[in-house]
Amino acid sequence: MDTFLSETETTALWLTLKVAIWSVIVSILPAIAVALVLARGRFPGKSVLDGIVHLPLVLPPVVVGYLLLVLFSRNGPLGLWLKSHFDISIAFSWQGAALASAVMAFPLMVRAIRLSLEAIDPGLEAAAKTLGAGRLRVLMTITLPLALPGLLAGTILGFARSLGEFGATITFVSNIPGETQTLPLALFSEAQIPGGEAAALRLTLISVVIAFVALGASEFLARRMRARIGLKERGAS
Amino acid sequence: MIEIRIRKALGAFSLDVDLALPSDGITALFGASGAGKSSILNAVAGLLRPDAGRIALGEGVLFDSDARINMPVQKRHLGVVFQDGRLFPHMTVRQNLLYGARSTRTGVPPTLADVVDLLGLSKLLDRRPCDLSGGERQRVAIGRALLMKPDALLMDEPLAALDGARKAEVLPMLSELRALRRIPILYVSHQMDEVVRLADTLVLIDGGRIAAMDSVEALTSRLDLRHLTGRHEAGSVLRATVTGSDTEWGLTELSVGGAKLFVSTLGLERGTPVRLRIRARDVAIALTPPEDASFLNMLPATVAEIAEADGASLDVSLALSDAPNAPRLWARITRRSADRLGLHLGLPVHALIKTVGIDRHTLAGPHK
């Protein structure tokens, strides 16, 4: 790969993967929790929560990025809090890029997980309860295993969304090579400078390859999971 | 004893029942669809919260609105078998069976081996629910409920989703259940044939209320409950004892409250109790015993009750002796014949029985 890609490009590739993986890791548990609350909970203000969760999907990414910047910059309320309690700053760092990606991907993950939770027959959970299982055991042995296809779909969607995240990232953490310059940002930079077409084309190819690998992996895992939870494959595909 | 005293409003429908059920044997809750029988079962299981009332199993209070007790479903230790089985699709049969198995009750039967043996599950253990037939699924569901070693078994139309053949496969196993462990079984059904075959006590439910409760024999012979117990298959359910066998003619002799009945050989020991079902349309009436008819069974009887005519036919209840609790047979005859014979209460007649249905599988009943 070293012969094919320049050092900047290799750095951007690994950075992109790191950012995407971390954004999925930090958001998967909150996404499951929010999906459970939205799928099963009955409380006043549920539609408000639903709206807030879906906000990044409808807001321009630049707006999300700007909000993050206001909140997490050195003088922002959360930025100050992080600095004073943990002595960390995530503005203009790859962690910030991961956060921006996570926020943007969150509604997609919640949606996929929620759909699969809502598809579970509540009678199965009731049956588990009659067999003596408490809420936690029902969640761990019935609900989540049956929602695995949705969890997987949510994870892949979130990962793919993170790979392509641009607007919120560039607004929040800027375009710093080696720190926050992910593939889309690198592609954007190359496209801005004369003679950068060849590099832009290479980055485009990498993006396509990554997307295909992710899709293939998800299809493979989805099949295995469907078999695991006892759903039969239908048709020849 | 199981105490079920509940009120619950469900939209336009309301449930208002007060029941004290025996803590041994199978009690059937019988009624039309929407009569409220499944709601009663769900309230006992904890899946439906009554508006008010009290549910208690022996000493254990499961629900008491006055004392503000509502034990959570998972603490009630009641085995529930649902109409649709509700097997966990992501687990094997073995994992399903053992899901509720309680390690705290190690000395209490049944073991996995007992259940697998009784329900014929040995070849299915490593399969997934999606690879099972409907009957197999219900057998696993029953096994799963038994293995949690419940204090009572609640069955909500466990056979309703099965066709005739599958039903015939599971039904005998149900009547063997109590051989494993003696716990009360509540059995919801809208099929009289299942009830007659399995139940000891029958509770008739109509429009969210209890219409009657008594032994299956007593209720099926009651005329005023005909609209609930069903008309076409109407008949009497009788307890009998094997009293002898006639090898020359291949017959078994039975005694029904002193009266003798012959049926095709059953191959059962003398003294074995069996349950008979004789449909009203299989019984004819004669004033004197006919000498030249093919009826094998002709029993002297007395007209005890004559039903309101329904079209061309009417049902006549025949007492087989003068005792107050004498077994009764129902005969369905035409109005014209009743008039010609001059039937009236107290008239001595002969009951001519065409067919006797025998249920071998109620042999293990608690009245043994």
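This text follows the structure it describes.
Cut-off values and rules
Starting from 1, residues in each chain are numbered consecutively following that chain's sequence as written. Chain letters and ligand numbers both follow the written order, the letters beginning at A and the numbers at 1. Totals for whole chains, interfaces and linings use every residue, but because this is a predicted model, local features are given only for residues with pLDDT of at least 70 and side-chain atom pairs only at 80 or more, for both listing and counting. Excluding hydrogens and water, the side-chain figures rest on all heavy atoms present in the structure. Here a helix means four or more residues in a row that DSSP labels H or I, a strand means two or more in a row labelled E, and each is numbered from the N terminus. Note on classification: 1.4 Å probe, protein chains only; a residue is buried when its accessible area is under 20% of the maximum for its type, exposed when over 50%, partly exposed between these limits. Contacts: residue pairs with any heavy atoms within 4.5 Å of one another. Computed by Shrake-Rupley with a 1.4 Å probe, the accessible areas treat only the displayed protein chains as cover when residues are assessed. Think of it this way: Lys and Arg go in the positive column, Asp and Glu in the negative one, and His and the chain ends go nowhere. Lysine's charge is taken at NZ, arginine's at CZ, aspartate's at CG and glutamate's at CD. Centre distance within 6.5 Å is the pairing criterion for rings of Phe, Tyr and Trp, where only the six-membered ring of Trp is used; planes under 30 degrees apart are then read as stacked, over 60 as edge-to-face, and the remainder as tilted. By the criterion adopted, a ring carries a charge over it if an Arg CZ or a Lys NZ lies within 6 Å of its centre and within 35 degrees of its normal. Axes here refer to lines fitted to C-alpha atoms; in helices the fit is confined to the stretch in contact. Angles between the N-to-C directions go from 0 to 180 degrees. Here the word oblique covers every angle except those under 35 degrees (roughly parallel), over 145 (roughly antiparallel) and from 65 to 115 (roughly perpendicular). In a left-handed crossing the near helix is turned counterclockwise from the far helix by less than a right angle, and in a right-handed crossing that turn is clockwise. We call Asp, Glu, Lys and Arg charged. Ala, Val, Leu, Ile, Met, Phe, Trp, Tyr, Cys and Pro are nonpolar, and the rest, Gly among them, are polar. The pairing criterion for strands is at least two bridges between them, as found by DSSP. Salt bridge, as used here: a side-chain nitrogen of Lys or Arg that lies within 4 Å of a carboxyl oxygen of Asp or Glu.

For chain A, the count of helices and strands is eleven helices and zero strands. Dimensions of chain A, computed from C-alpha atoms along their principal axes, come out at roughly 65 × 50 × 30 Å. Counting every position in chain A, which comprises 237 residues, the buried fraction comes to 45%. Summarising the internal contacts of chain A: among those between residues at least 6 apart in sequence, 70% fall at separations of at least 24. Accessible surface computed for chain A: about 12500 Å², of which carbon and sulfur atoms make up 69%. Distance between charge centres in chain A, computed from 19 positive and 14 negative side chains, equals 14 Å.

Applying the stated rule across the entire model yields five aromatic pairs over all chains. Centroid distance Phe 72 of chain A to Phe 172 of chain A: 6.2 Å. Interplanar angle 55°. Geometry classified as tilted. Here the residue Phe 72 of chain A occupies a position in helix 3 (residues 61–72), and Phe 172 of chain A occupies one in helix 9 (residues 167–173), the gap between them amounting to 100 residues. Note on accessibility: Phe 72 of chain A and Phe 172 of chain A belong to one class, buried. Ring geometry for Trp 81 of chain A against Phe 86 of chain A: centres 5.6 Å apart, planes inclined by 70°, an arrangement best described as edge-to-face. The ring of Phe 88 of chain B has Arg 144 of chain B lying over it, and the distance from NZ or CZ to the ring centre is 4.5 Å.

Moving on to the packing of helix 10 (residues 183–192) of chain A against helix 11 (residues 197–228) of chain A. All names here are of chain A. Between helix 10 and helix 11, the least distance of the axes is 9 Å, while the angle of their chain directions is 160°. Here helix 10 is positioned roughly antiparallel relative to helix 11, judged by the angle of their axes. Of the two elements, helix 10 crosses helix 11, and the hand of that crossing is left-handed. Counting all contacts with helix 10, which are made through Leu 183, Ala 186, Leu 187 and Glu 190, the residues of helix 11 involved are Ala 199, Ala 200, Leu 203, Thr 204, Ile 206, Ser 207 and Ile 210. By residue class, the composition of the contact of helix 10 with helix 11 is eight nonpolar, two polar and one charged.

This paragraph deals with the sheet that holds strand 11 (residues 209–215) of chain B. Residue and element names in this part refer to chain B. The six strands are arranged 7-8-9-3-10-11 in an open sheet whose pairing can be described as mixed. Each of the sheet's edge strands pairs with one partner strand only, and the pair in question is strand 7 (78–81) and strand 11. Geometrically, the sheet is characterised by an average inter-axis angle of 15° between neighbouring strands, direction not taken into account. Where strand 3 (residues 26–30) meets strand 9 (residues 185–189), five bridges bridge the pair, whose relative direction is parallel. When the bridges of strand 9 are listed, Ala 28 appears paired with Tyr 187. Most of the contacts of helix 4 (residues 134–147) go to strand 7, to which it runs at about 175°, and overall it touches strand 7 and strand 8 (152–156).

As a further point, take the pattern of salt bridges. Residue and element names in this part refer to chain B. Under the defined criterion, the tally for this structure stands at 19 salt bridges over all chains. With a closest N to O distance of 3.6 Å, Asp 126 and Arg 94 form a salt bridge. Here Asp 126, found in the loop between helix 3 (112–119) and helix 4, pairs with Arg 94, found in helix 2 (residues 93–98); they are 32 residues apart in sequence, far enough to count as distant. Judged by its relative accessible area of 61%, Asp 126 falls in the exposed class.

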